[in-house]
Structure formats: structure tokens, C-alpha cells
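Structure at a glance
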Amino acid sequence: MYSNDLPTYHVAGVGAGPANLSLAALFPAANLGRAALFDSQPGPAWHPALLSPGVRMQTSWMKDLVSLVDPQHPLTFMNYLVTTGRLFALLNAQFDTIPRMEYVRYLTWAARRIEGIHYGTPIERVTYTGDGFELHAGGRPVARAQHLSVGVGTRAVRPAWMAGLPESVLIADDLGWRIDGLRADLTAPIAVVGGGQTGLECVLKLIHAGFTDVRWLGRRQWFQTIDDSPVANEFYRPAHQQFLQQLSRGTRRRLVVEQGPTGDALTPGALRVLYQANYDRMLDLDRFPAVLYPGRDVVAVEADGDELVMRCDTPGGREVHRARHIIVAVGREASPVPFDDDLAERVEYDDDGDMLIEPDYSLRWKGMNGHRIFVLNRARYSHGVPDANLTLLPVRAAGVINAMAGRAVYNVIDELCPVRWIA
Ligand SMILES: Cc1cc2nc3c(=O)[nH]c(=O)nc-3n(C[C@H](O)[C@H](O)[C@H](O)COP(=O)(O)OP(=O)(O)OC[C@H]3O[C@@H](n4cnc5c(N)ncnc54)[C@H](O)[C@@H]3O)c2cc1C
């Protein structure tokens, strides 16, 4: 079908994070041909800049790349544990949720067993040729494919007020390699802006590193923990996704926004670890090394000598805080999709500016001619809260594979549900 000898795949994935890894792991069962993934990272990795020792997953180990749709697959987390000889040690460590480092080890183990992953290959441009897609890296075409799977993940948000500030303001992703430099003065006030899990992990890291004046500012009224109750977890199952698909886009968005605290919040165990570390250090210092400032929305920052002045909106009006360093952990946003101008113009958007993504995760775009673009981890407001995390990865991958195959390669059955939803 194609004129020259570029490698040609049934589906090519941009990004080899957990979303596309799950797809590539499950894809061979469809017997559709070859799949390939392209990732800019030099090798298997998962948020390497935010991987501090001791941090834990927010989801169960059962939410691996394959088990939810194919528990007999060779790439289950259980198979990883058994074949690498760590099953009994992990069981006896009695983790509530496993270390994030263990999940990274598992992903690395799985990635090495999946064919067709090309690391060190940032895809700069994807073009539509009328006969499929062409992926470009290093200024030249590297692959062609019938279908595309976009799994480019997220990147740290840099708020507008960061512009022009000195390097004493840094994003959380840079704390790991900058922390030794910051330790020159452990008594200097250091602010962490952002009340989410990453902010929490930064505060903990700073306490462990010996900082004695850490100020944690969060926008919400308190530092909210995840609602992990059984009924909250009902949102993280296929049955609820199917329910959402019957609703109008506006209703879906409203429900998903309300469901935010079931995922976009702190792990209770991690907050306890922080409180205990803070208490332990208080016994030495006679005061807490970290102080929490909820309800502070940092809206402007300026440098004043070697200090930084933060202006915050609070429920009671304006408040000013000063610090020597600021660590910014205000959330993540979707990474750019490397479509060329022609392809980008073909994509259809909804009234909120989000790409229009069908129930099977394919993008609505003009001139598709049988070629599909699947978009993973970008349909939170249309497909529900699990779309932005790991909980239903294999279910989503199975849906994509079924759509490509035009038949049920995988059957996802979720009928035993005690809740009758209404909206
Ligand atoms: C620190 C942290 C901890 C988290 N912990 C959990 C958790 O415990 N449980 C949970 O459910 N969710 C968690 N999440 C949410 C998490 O982001 C997602 O669950 C998951 O990483 C999404 O996978 P992904 O494959 O869509 O994206 P990512 O994991 O972000 O992977 C995207 C990949 O695409 C690559 N890429 C991007 N653009 C290009 C390009 N143009 N060319 C080539 N490659 C490209 C990147 O290098 C990256 O490897 C966490 C998020 C963070 C930041």
C-alpha cells in the first residue's frame, strides 16, 4: 500500500507511558498485524522526576497493564512478582499500596517484553497522507501506520506568575536535582505552592532533607484526602462509564467535576506520613518545621532582593507571604499532540474546547477515510474520572482494540452493580 520502505504498522502509538503500554501488551491477541510505540524518553520510565524514595501508588496493584481484561496474560503484575522472585517479600511488607518505584520496575519489566517500542524517539510531527499516518522524528519520517494511538500524557503546569522570576522559583519536577543546591541554608523559608499529592511529596522531601521552615500553601479550604469509599470507587468501573455515555455532554461534565475529590486529592496514608514526620522533627525543634496554609490562592509573585513575595487571595482578603525559594506544584495539563497543521485543523472540538472523543476513544476528525486516531488520557469530561489515571487502562485499551478489529477481541463484563445512577 505504501510506496517506500518505511516501517509500516497497523497502529503506531505516540508515547510509551502506561496507557499505550497497556494497548501494546493487549494488541497481539487481535491478530491485526504489528504495533509500534515511540517515546522521547531514553528508556522505560514513569514520571522519573517525581520519583522520590518511599512514595506510594494511589491505586491498587491489581490495576496493572492487563489483568482487568486478561488475567492470564503473561504481563500481569502477579507474574512479574512471581518470576522476579519478590512475591513473598512484597506480601510480608504489608503495603497498603505498593511503592511507586515497584510499579516503575514492573513497567520496565513489561516494556522489555513488548515488541516494537522505540525509545529516544520524540515524535515532532504526525501527518495524514490520505492513506494513513506518517510519524516524523529527528526531522525525517520514521514510520507509517493505518491507525494512531495518542498517549502523550501530561506535563507540569507553569502558572503565569512564574514568568520572569529568578531560578529560586522552580517546578516540583526540578526539586529532585535542585535540592542539594537549596540545602546551603536549611533555615531559609521555602514555600510549596499546590495542595495536591505532588505538593505533599515535596513538603515531605523537604522535611526529610532537614529544612526547618517549610510553608505549604493550598488553594482549597483544607488539604483534602481522596474519598476512597466503596461508593466513590463505583465511579472507577466500566458500568459507570457506560452510564455516563448515555448523558448529554454538559451533564457528564458536571458529574465528573463533582467526582473530582475521588481522585484529585491526597492519599490519606501519605498525609499521615507527612504529619508524623512533621511531629518527629517538632520534637527536636520545639516547633513544626512545616506549616500548612490552606485557602491561599497564590495570584502574583515578585522578587524582592533574595526574597520572593507571594500575594495570595484568601476567603478573608489578600495575604502576603515571603520565602527564599518557591516550589511550584499546581497540577498537570495535557501534553501537546504533535499533529501537523493540516491534521490539527481536521480535528473537531466541543464547546468547551476539548477534542471530540467518541465512546470507543477515537477522535472525531474530518476526512478519516477509515483511519482512526485513538486518544488516551484526554477524555476525562466525556468518559469519566478514570480516564486520567491508571485504574481502567486495560479496559480502555480493550475498547480501542475492539474498535480497530471491528469485533469483540476482549469482552468487558461489568453487570454486578449495587448502585442505580441517575443524573
Ligand atoms: C507523580 C505522579 C504519580 C501518579 N500516580 C498515580 C497513581 O498512583 N495511580 C493512578 O491511577 N494515576 C497516577 N498518576 C496519574 C498518571 O499520570 C497517569 O495515571 C499515567 O501516567 C497516564 O499514563 P499515560 O501513558 O497516559 O501518560 P504518561 O505516563 O505521562 O506517559 C506519556 C509518555 O508519552 C511520552 N511523550 C509525550 N509526548 C511525546 C512525543 N511527542 N513523542 C514521543 N513521546 C512522547 C512521554 O515521554 C511519556 O513517556 C500519577 C501522576 C503523577 C504525575
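Residues numbered from 1 in each chain as written. Predicted model: local features only at pLDDT ≥ 70, side-chain atom pairs only at ≥ 80, totals over all residues. Heavy atoms only, no water.

Under an unreviewed UniProt entry, the name given to the protein chain is L-lysine N6-monooxygenase MbtG, and the source organism is Dactylosporangium matsuzakiense. The protein chain has a UniProt comment under Cofactor (unreviewed entry) that states "FAD". Per UniProt, the comment on the protein chain under Catalytic activity (unreviewed entry) is "L-lysine + NADPH + O2 = N(6)-hydroxy-L-lysine + NADP(+) + H2O". (UniProt positions renumbered as here; feature names shortened; annotations may be inferred.)

Comments concerning the environment of Ser60
Residue position: Ser60 is located in the loop between strand E2 (35-38) and helix H2 (77-83). Exposure remark for Ser60: the relative accessible area of 34% places this residue in the partly exposed category. Each C-alpha atom of the pair Ser60 and Gly139 lies 41 Å from the other, and the pair is 79 residues apart in sequence. Among the polar contacts made by the side chain of Ser60, one reaches the main-chain amide nitrogen of Met62 at a distance of 2.9 Å. (Helix = DSSP H or I, 4+ residues; strand = E, 2+ residues; numbered from the N terminus. Buried < 20%, exposed > 50% of the residue type's maximum accessible area, 1.4 Å probe, protein only. Polar contact = N/O pair within 3.5 Å; in protein donor to acceptor, adjacent residues only side chain to side chain.)

Focus on the site of the ligand
Looking at the ligand, there are 29 residues lining it, with Asp39, Gln41, Trp46, Gln58 and Leu390 nearest. One nitrogen or oxygen atom from the main chain of Gly151 is found 3.4 Å from an oxygen atom belonging to the ligand. In isolation the ligand offers 980 Å² of accessible surface; the protein chains occlude 88% of this area. (Near = heavy atom within 4 Å. Areas by Shrake-Rupley, 256 points an atom, 1.4 Å probe, with all protein chains shown as cover.)

Brief notes about the packing of aromatic side chains
Evaluation of the coordinates by the stated rule reveals 14 aromatic pairs. Each ring, one from Trp61 and one from Phe77, has its centre 6.0 Å from the other, and the planes form 35 degrees; the classification is tilted. Taken together, the residues Trp61 in the loop between E2 and H2 and Phe77 in helix H2 connect sequence positions 16 residues apart. Overall, the relative accessible area of 1% leaves Phe77 in the buried class. (Phe/Tyr/Trp six-rings, centres within 6.5 Å; stacked < 30°, edge-to-face > 60°.)

Thoughts on the packing of helix H5 (residues 175-182) against helix H6 (residues 197-208)
Put simply, H5 and H6 touch, their axes get as near as 12 Å, and they point 35 degrees apart. Between H5 and H6 lies a crossing whose hand is right-handed. Of H6, the residues touching H5 (which contributes Leu175, Gly176 and Ile179) are Cys202, Lys205 and Leu206. Residue composition of the contact of H5 with H6, grouped by class: 4 nonpolar, 1 polar and 1 charged. (Axes fitted to C-alpha atoms, helices over the stretch in contact; angles between N-to-C directions. Left-handed = near helix turned anticlockwise from the far one by under 90°. Contact = heavy atoms within 4.5 Å. Nonpolar A, V, L, I, M, F, W, Y, C, P; charged D, E, K, R; others polar.)

Here we look at the state of the cysteines
Applying the stated criterion to the full structure yields 0 disulfides. In this structure Cys202 is not part of a disulfide, and its nearest cysteine sulfur, from Cys312, lies 17 Å away. Taking the relative accessible area as the measure of exposure, Cys202 reaches 4% and is therefore buried. (Disulfide = S-S within 2.5 Å.)

Description of the domain arrangement of the protein chain
Here the protein chain is partitioned into domain 1 (8-153 + 335-405) and domain 2 (160-225 + 265-328). Its C-alpha centre places domain 1 at a distance of 33 Å from the equivalent point of domain 2. Contacts between the two partners involve 6 residues from domain 1 and, on the opposite side, 8 residues from domain 2. Of the roughly 630 Å² buried between domain 1 and domain 2, counting both surfaces, carbon and sulfur atoms make up 41%. It is Ala49, Leu50 and Gln58 that lose the most area in domain 1 upon contact with domain 2, and together they represent 61% of the buried surface on that side. Counting every contact that joins domain 1 to domain 2 gives 1 salt bridge. Our enumeration of links across domain 1 and domain 2 arrives at 5 residue pairs in polar contact (both at pLDDT 80 or more). Tallied by class, residues from the side of domain 1 that touches domain 2 come to 3 nonpolar, 2 polar and 1 charged. (Domains from an automatic or database assignment. Buried area = accessible area lost by both parts, 1.4 Å probe. Salt bridge = Lys/Arg side-chain N within 4 Å of Asp/Glu carboxyl O.)

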